[in-house]
Amino acid sequence: MDTLSQSLEDYLEIIYNKFVENDTVRAIDISRALNVSRASVTDALNRLNEKGYINYRRYGHLSITNLGMEKAKQIVELHHELTEFFLNMGIEKEEAEENACKIEHVISSNVQKRIAEFNNFCKKNPDFKF
């Protein structure tokens, strides 16, 4: 699977989340969600299309491919895992979300696995506190 830049991962995550919410995704929705220009969105959509993560034609419908769904689910799962980890550490939700978004792009699979194990420990031991 082709690796994506942090920026393209952010676009793919937004596309996936919008698709899950509404079953449709528009470039303007992505532009608003990421607070970027329509030109930036168009460029990113073209690159994601070239890599096979989405189907996109300018002024046409946007859809996410099976490859895109698979990659987006990995990104979203990691984001949720990191957010849960920070919440377990006593971090406020907004700060937890913000940091999860930053870290999800650079974390190793080993650290991701250990965080998931820690989160599972916390679920099984709800009285555990730092």
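Predicted, not measured: the structure shown is a model, and the values here were computed from it. (Residues numbered from 1 in each chain as written. Predicted model: local features only at pLDDT ≥ 70, side-chain atom pairs only at ≥ 80, totals over all residues. Heavy atoms only, no water.)

Caption draft 1: Structural detail: the environment of A72. Along the chain, A72 falls in helix α4 (residues 66-88). Along the sequence, A72 and H61 sit 11 residues apart, while their C-alpha atoms lie 19 Å from each other. Excluding residues within four positions of it along the chain, A72 makes contact with L12, Y16 and I64. (Helix = DSSP H or I, 4+ residues; strand = E, 2+ residues; numbered from the N terminus. Contact = heavy atoms within 4.5 Å.)

Caption draft 2: Region of the structure containing the packing of helix α1 (residues 6-22) against helix α3 (residues 38-50). Packing of α1 against α3 leaves a shortest axis separation of 10 Å and a crossing angle of 90 degrees. Classified by the angle between their axes, α1 and α3 sit roughly perpendicular to one another. Every residue of α3 that contacts α1 at L8, Y11, L12 and I15 is listed here: S40, V41, A44, L45, R47 and L48. Split into classes, the residues belonging to the contact of α1 with α3 amount to eight nonpolar, one polar and one charged. (Axes fitted to C-alpha atoms, helices over the stretch in contact; angles between N-to-C directions. Parallel < 35°, antiparallel > 145°, perpendicular 65-115°, else oblique. Nonpolar A, V, L, I, M, F, W, Y, C, P; charged D, E, K, R; others polar.)

Caption draft 3: Structural context of the packing of aromatic side chains. Per the stated rule, a full pass over the model turns up two aromatic pairs. Ring centres of F85 and F118 lie 5.5 Å apart, and the angle between their planes is 75 degrees; this geometry places the pair in the edge-to-face category. Of this pair, F85 sits in helix α4 while F118 is found in helix α6 (residues 109-124), placing the two residues 33 residues apart along the sequence. With a relative accessible area of 18%, F85 lands in the buried category. On the accessibility criterion, F118 (19% relative accessible area) is buried. (Phe/Tyr/Trp six-rings, centres within 6.5 Å; stacked < 30°, edge-to-face > 60°. Buried < 20%, exposed > 50% of the residue type's maximum accessible area, 1.4 Å probe, protein only.)

Caption draft 4: How the structure looks around unusual backbone geometry. Residue N35 is not a glycine yet carries a positive backbone phi of 55 degrees. Inspection of the secondary structure assignment puts N35 in the loop between α2 (27-34) and α3. For N35, a relative accessible area of 71% puts it in the exposed group.

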